[in-house]
Amino acid sequence: MSTIASVDLQTLGDAFGQGAIYALMAVGIGLVFGVLRLVNFAYGQLIMAGAYTLAYTSGWPVAASIVSCFAVVVTLSLAMDRLVFRPLRGSSPAVMLVTTFAVSFFLQALALIIDLRDGTLGQIASSVAPLNQAVSVGGVDVRKVTFVAVGVAVGALVALALVLARTTIGLHTRAAASDFRTARLLGVRANRVIAFAVVVSGLLAGAVAVLLTVQNPFVQPDFALEDTIIVLVGVVVGGIDRLWTATLGGFAIGFVSVLVNAALPTDKTVFLPSVVYALVIVVLLLRPAGLFAWGRRAAVERV
Amino acid sequence: MPEAAALELDGIEVRYGSVSAVRDLTLSVGKGEIVGLIGPNGAGKSTTLHAIMGLLPAHRGEIRLHGQSLRRRSAEAIARAGIALVPEGRRIFGDFTVEENLRLGLAARRQAYIGDALGPAFELFPILAEFRRRQAGALSGGQQQQLAIGRALVARPDILLLDEPSLGLAPLAVDGIFQAFTEIREVGTTILLVEQRAQRTVALANRTHVLVGGELQMTLGPADAEDTDKIIAAYLAS
Amino acid sequence: MSRRLDTLTELLGPAVIVILVGALATTASASNEVYFLNALVFVAIVVAIYVFVGISGVLSFGQISFVAVGAFAAGVMTVPVDSKKGVLTSVFPLLRDHSVGNVPSLLLAAGLGGVFAFVVGLPLMRLSGLAAGIATFAVLEITHNVLREWTKIGPGATTLALVPETTGALQATLGALVAIVVAFLYQRSRRGRLLRASREDPAVARSVGVNIHLERLLAFTLSGALAGFAGALYVHLLGSITTEQVYLELTFLTLAMLVVGGLTSLWGAVIGALGVSGLDSFLSRAEQSHVHVVLTFTLWQGTRLVFLAAIMALVLILRPSGLTGGRELRLRWSLRRGRG
Ligand SMILES: Nc1ncnc2c1ncn2[C@@H]1O[C@H](COP(=O)(O)OP(=O)(O)O)[C@@H](O)[C@H]1O
Ligand SMILES: [Mg+2]
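Residues numbered from 1 in each chain as written. Chains lettered and ligands numbered in written order. Predicted model: local features only at pLDDT ≥ 70, side-chain atom pairs only at ≥ 80, totals over all residues. Heavy atoms only, no water.

Enquirer: I'd like a rundown of the interface of chain A and chain B, residues and numbers included.
Expert: Residue-level contacts link 21 residues of chain A with 21 residues of chain B. Taking both partners together, chain A and chain B bury about 1800 Å²; carbon and sulfur atoms supply 58% of that area. In terms of surface lost to chain B, no three residues of chain A exceed A:Leu171, A:Leu185 and A:Leu186, which account for 37% of the buried area on that side. Seen at the junction of chain A and chain B, the total is four salt bridges. (Contact = heavy atoms within 4.5 Å. Buried area = accessible area lost by both parts, 1.4 Å probe. Salt bridge = Lys/Arg side-chain N within 4 Å of Asp/Glu carboxyl O.)

Following this line, the structure appears as structure tokens:
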């Protein structure tokens, strides 16, 4: 019986780690949605680009490798805004979403071409792999990355919350997310708040790239694709209208997936997606505006 | 040539798709004046203000600020050029504090400021200073309107556009904001006031234009304030 | 007079172009024929999606679930009984010991698709916006998961092979035409027009007594039946299928076809399906002239996707309402702008 308790703690650790990473992704997606009303399906490819950068700079000092990962991801994020999001402003949500599908496929195909230059598919990002080692906490093995992930997530979220609450650009971004038209009427510079959201969202994608390559150093063109899909689901289930409900949604779906996976009998774990998505449907039916969106109706009527 | 008016509309037409909501509208607001714009619902008053702010393009004609055309400028650029709109329905940020709402008004401010940047709002409406940490959504309707006006004023605009500021307010609150308009004019801010309270507007403004069905019907002076028949006739003409 | 003409072109435009593609298929070489047939099956799938997404204005990522159910139902039920004993060992005896012909399998797929869509739509059609998009996506995930893991109803994660390849030029053309005619009749019907009106303004539609939930459910069911039918056409074209072929990629590709063509018109659905398939085939042909080593082949696969994705993104950025502008084909329009 004693092993059950320890397995539970381990699972709980994993659940927190997964939830933390998904929460970071949710913030990145939610911030851009807030100011642009655009669901960026290509968010995962920012992370993928960061992961490839880490792989290709594996020989470099770790710090340099991580810095270049952030540089590449933020640059790509800004380029996406400039070349794709900006011309799409004002388009219908469906068109914006489908365009980001196309961007996502474009970047995956590009990655495939670059990746295959050496004749094999996939690259190894090993510089940060040591974080994957386990440390023993009170007899329970927890991987270091779990602590790092939770630490990075909490740190990043607190920092972002402070910037949003205390600075002028934060105030302007919140105003733009809540009522863009009125914000512009007051002189809030649209391009500036959008650039802010896009850069922060890129920084978060960079951080996620580092954390995910620790867990899975084998980088392929579809790196982070599945995670992004799950986070998008979580964000809507949590309530995409607000940053904090979106973030909680991302955290919750990561956390719950790990727990459900552990709770299912071993021969039934293959049905994990069905269980999780059935839960998603139930929650959406009960709370269409978002699980955490108390007392609010859906502002996102049409997509 | 005489000095250009603070704000001039020169034969503007504004359309929604193929339907024109305002046609051939010409009016000018001199520096330090209050000009009224009244008319029944759907007359095109808000449309006119939106066109001035650059939220809607003028299909024809020119809008000029101090003699300079505002054509193709974005709303945010026009706000930073010195025009502030207090929109219909106030549009305050209910989840934000009073102070945060006011600080948003600073986004359009052109010069650096000394002292309390929010001073212009607090001097006119002391209650805002008292409630600065409260949630804006928790204020009464009259206080929210004061907040919306204060938010526009902290940008120190040359021209203040107001869209039905008295709508839905208790009589006492209406008195308060009309009093405020006089004080705002005294510090040299020019006002274009869109209202439904015809009589009070005519009495307050240097000139009041009556807009009906998107066209200018008549222009009234303060002396016409008591002449209710004339005002009613202007409303009904169409 | 001109209104009748409009009605006629609205149906004839898509029908004629589909028949043309079918005719081209018969004249093409055996290796090229498949591109034309593929394009026609995509027309059927995209039109099925259009019947719900295009007319109701509610985004759904779930319609490929019905394609998948149709494809696997038709596939499993048409593999000859003798072969089944070898390849589909774990399925229910009822499925293992019976097979049906081509046409019954198409009808069965349509029926199953419709029933499945109705059952799913009953609760889900109350949703709209992103919530509807995500809930229907959840349906896709569950369908895929169950088809992939439950080996009592099909091949599971392995390939379903030995399905009779009955979708030739005739069946592909007729199949696409059936989808187009059904979509046309529906969008011209009173109910179809009501639903489209509710798309513009749900509040007004409700206030004049339109039961939006019911109208959406009807469109969803009809779309599900057409999607199941299209899935059967698809499996009979391919001859073998895995669950991965009727999952995410197909969902994104077909939605992209619809949006690129023009989300709100039948003409847009047809043009989008044909245009994107045509482009894809063209790029595949280009790719094949480079098949020398495995490596260059895959390299070219990447290049093809790069082009395809870039062109789709460009169309959407430059023409957000799609190639057709989301309008039906009109004679005046086509005379003024020339063909295509
Ligand atoms: N967004 C819009 N789209 C189409 N027509 C509009 C829109 N807004 C206002 N209108 C129309 O333009 C006319 C003028 O409206 P508005 O300027 O709001 O009038 P007012 O402010 O004087 O009450 C009305 O007929 C109204 O129906
Ligand atoms: Mg108005």
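Enquirer: Run through the environment of C:Gly101, naming residues and quoting values.
Expert: Residues and elements named next belong to chain C. Assignment of secondary structure puts Gly101 in the loop between helix H5 (93-96) and helix H6 (102-124). Look at Gly101 and you get partly exposed, because its relative accessible area is 34%. Sequence separation between Gly101 and Pro164 is 63 residues; the distance between their C-alpha atoms is 9.3 Å. (Helix = DSSP H or I, 4+ residues; strand = E, 2+ residues; numbered from the N terminus. Buried < 20%, exposed > 50% of the residue type's maximum accessible area, 1.4 Å probe, protein only.)

Enquirer: Summarise the site of ligand 1; cite the residues concerned and give the values.
Expert: Residue and element names in this part refer to chain B. Tyr16, Ala21, Pro40, Asn41, Gly42, Ala43, Gly44, Lys45, Ser46 and Thr47 make up every residue found near ligand 1. Within the side chain of Tyr16, one N or O atom sits 3.3 Å away from a nitrogen atom of ligand 1. Between ligand 1 and Gly42 there is a distance of 2.7 Å, counted from an oxygen atom to a backbone nitrogen or oxygen. Relative to its free-state accessible area of 560 Å², ligand 1 is covered by the protein chains to the extent of 54%. Sorting elements by how many residues they give to the shell around ligand 1 places helix H1 (residues 45-53) first, with three residues. A class-by-class count of the residues in the shell around ligand 1 yields four nonpolar, five polar and one charged. (Near = heavy atom within 4 Å. Polar contact = N/O pair within 3.5 Å; in protein donor to acceptor, adjacent residues only side chain to side chain. Areas by Shrake-Rupley, 256 points an atom, 1.4 Å probe, with all protein chains shown as cover. Nonpolar A, V, L, I, M, F, W, Y, C, P; charged D, E, K, R; others polar.)

Enquirer: Quick rundown of the confidence of the model for chain B? Include the residues and the values.
Expert: Confidence along chain B averages 91 in pLDDT terms, with 97% of residues attaining 70 or more. Scoring of the predicted complex yields 0.87 for pTM and 0.91 for ipTM. (pLDDT = per-residue confidence, 0-100.)

Enquirer: With reference to specific residues and values, describe the pattern of salt bridges.
Expert: Taken as a whole and judged by the stated rule, the model has 25 salt bridges over all chains. Residues B:Arg64 and B:Asp10 are paired through a salt bridge, measuring 3.0 Å at the closest nitrogen-oxygen approach. Taken as a pair, B:Arg64 in strand E4 (residues 58-65) and B:Asp10 in strand E1 (residues 7-16) lie far apart in primary sequence, 54 residues in all. For C:Glu244, the salt bridge identified is with C:Arg148, shortest N-O distance 3.0 Å. Taken together, the positions of C:Glu244 in the loop between helix H11 (212-238) and helix H12 (248-261) and C:Arg148 in helix H7 (residues 129-149) put the pair 96 residues apart, joining distant regions of the chain. We classify C:Glu244 as partly exposed; its relative accessible area is 37%. Under the relative-accessibility criterion, C:Arg148 is labelled partly exposed at 28%. Three or more residues are tied together by salt bridges with common partners; here these are A:Arg184, B:Glu76 and B:Arg80.

Enquirer: Which residues make up the coordination of the magnesium ion (ligand 2), and what values go with them?
Expert: Each donor-metal-donor angle would ideally measure 109.5 degrees in four-coordinate tetrahedral geometry, or 90 or 180 degrees in six-coordinate octahedral geometry. Residue and element names in this part refer to chain B. Within the first shell, the magnesium ion (ligand 2) binds the protein through Ser46 (OG) and Glu88 (OE), at distances of 2.1 to 2.7 Å. Pair noted here: Ser46 is in helix H1 and Glu88 is in the loop between strand E6 (83-86) and helix H3 (98-105), with a separation of 42 residues, a long-range link. Its relative accessible area of 17% is what places Ser46 among the buried residues. Exposure remark for Glu88: the relative accessible area of 37% places this residue in the partly exposed category. (Donors = N, O, S within 2.8 Å, 3.2 Å for Na, K, Ca; no water.)

Enquirer: Outline the sheet that holds strand E7 (residues 159-163) of chain B, listing residues and values.
Expert: Residue and element names in this part refer to chain B. Taken in spatial order, the six strands make up an open sheet running E6-E7-E8-E3-E9-E10, and their pairing is mixed. Because the sheet does not close on itself, it has two edges, and the strands there are E6 and strand E10 (215-220). Strand-to-strand, the axes of this sheet are offset by a mean angle of 20°, without reference to chain direction. Two elements, strand E3 (residues 34-38) and strand E9 (residues 207-212), share four bridges in a ladder whose sense is parallel. For Ile38, the partnering residue across the bridge sits in E9 and is Val210. Where H1 meets the sheet, its contacts fall on E3, E6, E7, strand E8 (190-195) and E9, and the angle it forms with E7 comes to roughly 150°. (Pairing = 2+ DSSP bridges. Axes fitted to C-alpha atoms, helices over the stretch in contact; angles between N-to-C directions.)

Enquirer: Give me the lowdown on the confidence of the model for chain A, citing residues and values where you can.
Expert: Residues and elements named next belong to chain A. Chain-level statistics for chain A give a pLDDT mean of 88 and a share of 94% at 70 or above. pLDDT under 50 marks residues 1-6. Its contacts with residues more than four places away, or in other chains, come to one contact. The low-confidence segment residues 296-303 (pLDDT under 50) makes 25 contacts with residues lying over four places distant or belonging to another chain.

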